[in-house]
Amino acid sequence: VALLVALVSALACTPADQPPPSTGPTAAALSDARAGAAGIGDADFPNDGNGGYDVAHYGISIDYTPADKRLSGITTITAAATQDLSSFNLDLTGYDVSGVTVDDEAATFSRQGQELTVRPARPIADDDRFTVRVSYAGTPQPVRNSANLGTYGFIPTRDGAFVTAEPNGAKTWFPSNDHPADKATFDFAITVPAGLTALANGELAGRPTTASGRTTWRWREKQPMATYLATATLGTFELREGRTAAGIPLLAAVDPAFRSSLDKVYTVSGEVTDYWATVFGPYPFGSTGGVVDDFATGYALENQTKPMYGGFAPDEAIIAHELAHQWFGDSLSIRRWKDLWLNEGFATYAEWLWAEHKGKGTAEATFQRNLARPADDPIWAYPPGRAKPDDLFNQSVYTRGAMALHALRKAVGDDTFFKLLRAWTAEHRYSNVTTEQFVALAEKMSGKDLGPLFDAWLHEPRRPA
Ligand code: ARG
Ligand code: ZN
């Protein structure tokens, strides 16, 4: 009877000119809807990302004023449920959240640590598409990691902000499923005081528009992207725009303090992008480039289409590294952080290939120089095939990871090795990958049992024999 009464009153409340609300499973069928998990399932980062849904698109609209370091934002997320959901989480740190809607209906929400838990007015059925809108405002607080990650996330600078979020700093500026296992397309609308430039991923979606002294910059990243690669770097920049020799749209931007490196960043980024396309396969994105800001992070980050250099003029090696990441890390993204060598080992090996290409020493010579490191060098004790959550970016993940690739190249021969790199980037373009998948492809293409080689280079806590 209670059910009947509820049904009748629900029908009674439905305006005559709208379809009845329940087109999917009935409320009864969703009675076992449960909360989406608070983490995506990466055991090393148990709270990162979330379960129960898959994001298709982020629409990020932020307004930022450097003078008072205030950010206000509205993020619109389009997602598909992967289970019947009574509630689900997003990752967000700091800010006051003023409202959350699901499919335009007010939702209740609560916050604990980085988890923003959203309870929609009615459960969401498995496979259903839904749209979440989160309104928030406050002062961005980047992550300050005293161990070995430095400062990352949305980092306020003197004249704007520098935004580099690897591994999990997207949560410092927009609510998201903050883990590379859930990639999505992005639209950005970034509003700043007129005169400043706001740089996000992908390409400009129209000319910037100015009203009442504030300019809105709209960018669109059409290819799937991991949340940590999203940027909204803004401030005073000098720009050079054009195309690479092969015709890829190219943008270099530098803080005025790095004015003298604008032409080099532009030229080398174009040259490197075109060369990598001949070695790794077609460039995966709609544009390329590089951004130098005056905030010294001590690192660079391979932000999709726009690598960021934090407070230094990049040399050719690091430009070669960050642009190699457009294939290894950005187009092909890791599913679990423990496989980080698939990003850093490959990008480091690319530095060796760039030197070889430029006649500045062979990859073999670089390999031998590293092999000559003493027995007690820390890279031999740290197996790069399993990046440690408290020491993700260890030198071994970079250098010994690159050595693993060179050892592979010697074992299978140049022809198979470079075909393998191109098959790898083609088969998993815009997707997620694991070490096991790479090993399987290498064995298939070479017809060799490579277990012992990968074991020695990736998994043993000692120098390979
Ligand atoms: N992926 C970057 C590189 O290419 C490193 C990023 C380090 N991140 C950090 N929070 N320190 O080297
Ligand atoms: Zn790297």
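See above for the structure.
Note that the structure is predicted; figures quoted are calculated from it, not measured.

Re the site of ligand 1
Taken together, 13 residues are adjacent to ligand 1, and Leu149, Glu166, Glu302, Glu344 and Tyr398 come closest. Measuring from an oxygen atom of ligand 1, one finds a side-chain N or O atom of histidine 321 at 3.1 Å. Tyrosine 398 places a side-chain nitrogen or oxygen 2.9 Å from an oxygen atom of ligand 1. Look at ligand 1: alone it shows 350 Å² of surface, and the protein chains cover 92% of it.

Things to note about the coordination of the zinc ion (ligand 2)
Bound to the zinc ion (ligand 2) on the protein side are His321 (NE2), His325 (NE2) and Glu344 (OE), at distances that span 1.9 to 2.0 Å. All donors of the zinc ion (ligand 2) belong to a single chain; written as a sequence motif, their spacing is H-x3-H-x18-E. On the criterion of sequence distance, the pair formed by histidine 321 in helix H3 (residues 316–324) and glutamate 344 in helix H4 (residues 341–357) is long-range, its members being 23 residues apart. Each of the two residues, histidine 321 as well as glutamate 344, counts as buried.

Digging into unusual backbone geometry
Glycine aside, residues mostly have negative phi, and peptide bonds are mostly found in the trans state. Residue glutamate 166 is joined to proline 167 through a cis peptide bond whose omega torsion reads 5°. Inspection of the secondary structure puts proline 167 in the loop between strand S12 (161–164) and strand S13 (184–193). Backbone geometry places aspartate 127, a non-glycine residue, at a positive phi of 80°. Residue aspartate 127 is classed as exposed on the basis of its relative accessible area, which comes to 61%. One non-glycine residue, threonine 305, lies in the positive phi region at around 70°. Looking at the element boundaries, threonine 305 is found in the loop between strand S22 (300–301) and strand S23 (308–310). Residue threonine 305 is classed as buried on the basis of its relative accessible area of 0%.

Re the layout of surface pockets
Space inside the second largest pocket adds up to approximately 360 Å³. Around the second largest pocket, the lining is made up of 20 residues, and of these Gly298, Tyr299, Ala300, Phe393 and Tyr398 lie nearest the centre. Counting residues per element, the ones that place at least two in the lining of the second largest pocket are S22, H3 and helix H7 (395–412). If you tally residues by element for the lining of the second largest pocket, the top one is H3, at three residues. The residue inventory of the lining of the second largest pocket, partitioned by class, reads eight nonpolar, eight polar and four charged.

Side note on helix H8 (residues 414–427)
Here H8 is 14 residues long and its end C-alpha atoms lie 20 Å apart, about the 20 Å a rise of 1.5 Å per residue gives. The complete set of buried residues in H8 reads Phe417, Phe418, Leu420, Leu421, Ala423, Trp424 and Thr425. Structurally, H8 contributes buried residues whose contacts are with helix H2 (262–280), H4, H7, strand S25 (432–433) and helix H9 (435–446).

Examining empty space enclosed by the protein
The full count for this structure, using the stated rule, is one cavity of 30 Å³ or more. By volume, the largest cavity is sized at about 40 Å³. Phe280, Phe328, Phe346, Tyr349, Ala350, Leu353, Leu405, Phe417 and Leu421 are the residues that line the largest cavity. Looking at the lining of the largest cavity, the elements that each hand over two or more residues are H4 and H8. Counting residues per element, the lining of the largest cavity draws most heavily on H4, which supplies four residues. Here the lining of the largest cavity is built from residues that sort into nine nonpolar, no polar and no charged.

Some points on the sheet that holds strand S20 (residues 249–254)
Strand order in this open sheet of five strands is S19-S20-S21-S23-S22, and the pairing throughout is mixed. Looking at strand neighbours, the two that pair on one side only are strand S19 (238–243) and S22, the edges of this open sheet. The sheet contact formed by strand S21 (residues 288–293) and S23 spans three bridges and is parallel. Opposite valine 291, over in S23, you have methionine 308 as the bridge partner. Strand contacts of H2: S19, S20 and S21, with the helix running at about 30° to S19, the strand carrying the most contacts.

Digging into the sheet that holds strand S4 (residues 85–91)
Paired through their backbone hydrogen bonds, the strands of a sheet run either parallel or antiparallel. Here four strands make up an open sheet; going across it, the order is S1-S4-S8-S7 and the pairing mixed. The sheet is open, and its two edges are formed by strand S1 (34–35) and strand S7 (108–112), each paired on a single side. As paired elements, S7 and strand S8 (residues 115–119) share five bridges and run antiparallel to each other. Bridging from a neighbouring strand, glutamine 112 pairs with glutamate 115 of S8.

Some points on the environment of tryptophan 354
Along the polypeptide, tryptophan 354 turns up in helix H4. Considered as a pair, tryptophan 354 and alanine 372 are 18 residues apart in the sequence and their alpha carbons are 22 Å apart. With residues up to four places along the chain from it excluded, the contact list for tryptophan 354 reads Glu271, Val272, Tyr275, Trp276, Glu316 and Ala320. Among the polar contacts listed, one links the side chain of tryptophan 354 to the side chain of glutamate 316, at a separation of 2.7 Å.

What counts, and where the lines are drawn
- Position labels on residues start from 1 in each chain and follow its written sequence.
- Chains carry letters from A onward and ligands carry numbers from 1 onward, assigned in written order.
- A pLDDT threshold of at least 70 governs which residues receive local features in this predicted model, and a stricter bar of 80 or more applies before side-chain atom pairs are shown or counted, although totals over entire chains, interfaces and linings include all residues.
- To get the side-chain values, take all heavy atoms of the structure and skip hydrogens and water.
- By convention in this text, a residue qualifies as near a molecule or strand provided that one of its non-hydrogen atoms is within 4 Å of it.
- Here a polar contact means two N or O atoms within 3.5 Å. Within protein one must be a hydrogen donor candidate and the other an acceptor candidate, and residues neighboring in sequence count only if both atoms are side-chain atoms.
- Here, Shrake-Rupley sampling with a 1.4 Å probe gives the accessible areas, and only protein chains in the shown set may cover a residue.
- Any N, O or S atom lying within 2.8 Å of the metal counts as a donor, with the limit raised to 3.2 Å for Na, K and Ca; because water is left out of the atom set, some sites can appear incomplete.
- Runs of E in the DSSP output that reach at least two residues are strands. Runs of H or I that reach at least four are helices, and both are numbered from the N terminus.
- Here's how the labels work: a residue is buried when its accessible area is under 20% of the maximum for its type, exposed when over 50%, partly exposed in between, all with a 1.4 Å probe on protein chains only.
- The method works on a 1 Å grid over the protein atoms by themselves. A cavity is a set of points holding a 1.4 Å probe that cannot get out, a pocket is an open set with protein on both sides within 12 Å along at least five of seven lines, and residues with an atom within 4 Å of a point line them.
- Grid points are joined across faces, edges and corners, and a volume is the space filled by probe spheres set on the points.
- For this classification, the nonpolar set comprises Ala, Val, Leu, Ile, Met, Phe, Trp, Tyr, Cys and Pro, the charged set comprises Asp, Glu, Lys and Arg, and every other residue, Gly included, is treated as polar.
- To estimate the expected span of a helix, subtract one from its residue number and multiply by 1.5 Å.
- The contact definition used throughout considers only heavy atoms, calling two residues in contact when any of these lie within 4.5 Å.
- Pairing between strands is defined by DSSP: at least two bridges between the two strands are required.
- Simply put, an axis is a line fit to the C-alpha atoms, just over the touching stretch for a helix, and the angle between two N-to-C directions goes from 0 to 180 degrees.

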